[in-house]
Amino acid sequence: MTTTTINLALQGGGSHGAFTWGVLDALLEDGRLSFEGLSGASAGAMNAVAMMSGWATARRTKRDPRESARESLAGFWDEVASLGAAGSVHKKLFASLWSGPMGAWGFLSPNPVSPYQFNPLDLNPLRSLLERRIDFAAIRRDATHRVYVSATHVGTGRATLFHGRALTADAVMASACLPQLFQASVIDGEAYWDGGFSANPALTPLVMHSRSRDALIVQINPLSRPDTPKSGAEIVDRMTELAFNASLLTQVRLAHAFNRWVEDGGQLAEGRGPMRLHRVEGWRALGELPQSSRTSADPALIRKLFRLGQEAAAAWLERHFGDVGQRSTIDVEKEYGDDTWLKVAPPRPATVRRLPGASLVRRMPRPSIVRRRRR
């Protein structure tokens, strides 16, 4: 079967990452797509390494890589569900882990206790799961795929991408490190927090380093809500969504600006061109779930999220598979647009005083992309 190659950008979002598992499972089962770059943050990072661990080990086990990847994802999430069904202390710790970069704020006191105090041993139930389930050495040896995991550098707030030899269990744990609950992940003497703060997920490496010019975003946090949140739980929930989406909005706008630069004659390496953006969205299906579901790893919920992801991926394939390689299927200016530069109306002449030698600006300038010279 001839396949079409795409990139995957996997958003984090707590246990709703099981929706992304369902999406990946359906794409793998369908078989018409192959994959070049995978970028993920937090739960998205865990999905990326679980999928590629199975794929990368298939040659050694003489199995179909797609089926091996599906089995690896299923084994990972089955253990996640078993952790959610564990004893009360373990279950509470695990639920907190999935709450997202902002989720615990609603429960903090004016003088919050540091995780260096209440969790001095830095216990994390997912660390041993990753070490058991994921063959990071196999992923690093795989020259066919590029896997990027994002974390936030504590000192500067910048996004850090771990890939290649730097892709380890520690890197994935850094990508899912919530500072309210866990001590900062320290790698090579540098401290890192959850990747959701800075790149959720990172699109830039897919735009700049992939030969495939199609990127499929699996987005599980809603861009908009019709009503203003009023209760404490609703406010915290919306804060979490905004925090998780902020960096993605910036990444999509940057990719859009890159496309416009290319269309205006920007020079790229041979074979490169504008990035066609696509999206499988989860919030219409997930919006019916209670707000607390993001922090739950109940086995029944995990399986429901998985099925919703499968259904969403099947619907996207039916509607948009023919667009892959041809055109974007996201209206970036409508859905991800920034009012500060995409929708600025020209000033009315009656209210503008022209200065000598000055001219009226009719539209906002397009952002420029600076290419860094190779040293």
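Residues numbered from 1 in each chain as written. Predicted model: local features only at pLDDT ≥ 70, side-chain atom pairs only at ≥ 80, totals over all residues. Heavy atoms only, no water.

**With respect to the packing of aromatic side chains**
Move 1: For the coordinates displayed, the defined rule picks out seven aromatic pairs.
Move 2: Ring plane angle 85 degrees and centroid distance 6.3 Å describe the contact between F35 and W55, whose orientation is recorded as edge-to-face. Taken together, the positions of F35 in strand β2 (residues 33-41) and W55 in helix α2 (residues 43-61) put the pair 20 residues apart, joining distant regions of the chain. Here F35 and W55 have matching classes, each one buried.
Move 3: What links up through ring pairs into an aromatic cluster is the set W21, F76, W77 and F306.
Move 4: When the ring centre of F321 is taken as origin, the NZ or CZ atom of R32, which lies over that ring, is 4.1 Å away. (Phe/Tyr/Trp six-rings, centres within 6.5 Å; stacked < 30°, edge-to-face > 60°. Helix = DSSP H or I, 4+ residues; strand = E, 2+ residues; numbered from the N terminus. Buried < 20%, exposed > 50% of the residue type's maximum accessible area, 1.4 Å probe, protein only. Lys NZ or Arg CZ within 6 Å of the ring centre and 35° of its normal.)

**Description of unusual backbone geometry**
Move 1: Residue N200 is joined to P201 through a cis peptide bond whose omega torsion reads -5 degrees.
Move 2: Along the chain, P201 turns up in the loop between β6 (190-193) and α9 (204-209).
Move 3: In this model, K62 sits at a positive phi of 55 degrees, which is unusual for a non-glycine residue.
Move 4: On the secondary structure map, K62 appears in the loop between α2 and α3 (65-84).
Move 5: Taking relative accessible area as the criterion, K62 reaches 78% and is therefore assigned exposed.
Move 6: One non-glycine residue with positive phi stands out, namely D188, at about 55 degrees.
Move 7: Mapped onto the elements of the fold, D188 is located in the loop between β5 (185-187) and β6.

**Examining the pairing of strand β4 (residues 159-162)**
When a strand is regular, its side chains alternate between the sheet's two faces.
Move 1: Where burial is concerned, the two faces of β4 differ: the one with T160 and F162 is buried and the one with A159 and L161 is not.
Move 2: When strand β3 (residues 146-153) meets β4, the two strands line up antiparallel, connected through four bridges. Paired with S150 across the two strands is L161, which belongs to β4.
Move 3: Connecting β3 to the next strand, β4, in antiparallel fashion are five residues, including G157 with a positive phi near 80 degrees. (Pairing = 2+ DSSP bridges.)

**A short note on the pattern of salt bridges**
Move 1: By the definition in use, this model includes 14 salt bridges.
Move 2: Note that E67 is salt-bridged to R70, the shortest N-O span being 3.2 Å. Here E67 pairs with R70, and both are found in helix α3, just three residues apart, close to one helical turn.
Move 3: A relative accessible area of 34% means that E67 is categorised as partly exposed.
Move 4: With a shortest N-O distance of 2.6 Å, D323 and R327 are connected by a salt bridge.
Move 5: Of the residues examined, D323 reaches a relative accessible area of 15% and is grouped as buried.
Move 6: Sharing partners across several salt bridges, the network here consists of D25, E29, E67 and R70. (Salt bridge = Lys/Arg side-chain N within 4 Å of Asp/Glu carboxyl O.)

**Details of the packing of helix α1 (residues 17-30) against helix α12 (residues 299-320)**
Move 1: Contact geometry for α1 and α12: axes closest at 6 Å, N-to-C directions at 45 degrees. Looking at the two axes, α1 sits oblique to α12. Taken as a pair, α1 and α12 cross one another with a handedness that is right-handed. On the side of α1, the interface is formed by A18, F19, W21, G22, V23, D25, A26, L27 and D30, while α12 contributes I302, R303, L305, F306, L308, G309, Q310, A312, A313 and L317.
Move 2: Along the lines of polarity and charge, the residues of the contact of α1 with α12 split into 13 nonpolar, three polar and three charged. (Axes fitted to C-alpha atoms, helices over the stretch in contact; angles between N-to-C directions. Parallel < 35°, antiparallel > 145°, perpendicular 65-115°, else oblique. Left-handed = near helix turned anticlockwise from the far one by under 90°. Contact = heavy atoms within 4.5 Å. Nonpolar A, V, L, I, M, F, W, Y, C, P; charged D, E, K, R; others polar.)

**Digging into the environment of H278**
Move 1: Structurally, H278 can be placed in strand β8 (residues 276-281).
Move 2: Look at H278 and you get buried, because its relative accessible area is 1%.
Move 3: In sequence terms H278 and R327 are 49 residues apart; their C-alpha atoms lie 9.0 Å from each other.
Move 4: Here the side chain of H278 touches D214 through a polar contact of 2.7 Å, side chain to side chain. (Polar contact = N/O pair within 3.5 Å; in protein donor to acceptor, adjacent residues only side chain to side chain.)

**Topic: the packing of α1 against α2**
Helices that pack against each other are described as a pair by the angle of their axes relative to one another and the distance between those axes.
Move 1: Running from amino to carboxyl end, α1 crosses α2 at an angle of 30 degrees, the nearest separation of the two axes being 9 Å. Where α1 crosses over α2, the handedness of that crossing is right-handed. Here G17, T20, W21, L24 and L28 of α1 lie close against α2, whose contacting residues are A43, N47, M51 and W55.
Move 2: Residues of the contact of α1 with α2, tallied by class, amount to six nonpolar, three polar and no charged.

**Thoughts on the confidence of the model for the protein chain**
Move 1: Per-residue confidence for the protein chain gives a mean pLDDT of 81, with 77% of residues at or over 70.
Move 2: Ignoring residues within four places in sequence, the model shows residues 342-375, a span with pLDDT below 50, making 24 contacts including any to other chains. (pLDDT = per-residue confidence, 0-100.)

**Remarks on a nonpolar patch on the surface**
Move 1: Taken together, the side chains of V154, W193 and F197 present a nonpolar region at the surface, about 230 Å² in accessible area.
Move 2: Note on placement: V154 falls in the loop between β3 and β4. (Patch = residues over 30% accessible without salt bridge, like charges linked within 9 Å, V, L, I, M, F, W, Y side chains within 5 Å. Areas by Shrake-Rupley, 256 points an atom, 1.4 Å probe, with all protein chains shown as cover.)

**Remarks on the side chain of R66**
Move 1: Take R66: it is sitting in helix α3.
Move 2: D64 provides the closest opposite charge to the buried, unpaired R66, separated from it by 5.3 Å.
Move 3: Within the structure, R66 has its side chain in polar contact with the backbone oxygen of L33 (distance 2.8 Å).
Move 4: Aside from chain neighbours lying at most four places away, what touches R66 is T3, L27, L28, G31, L33, S34, F35 and W55. (Lys, Arg positive; Asp, Glu negative; His and termini not counted.)

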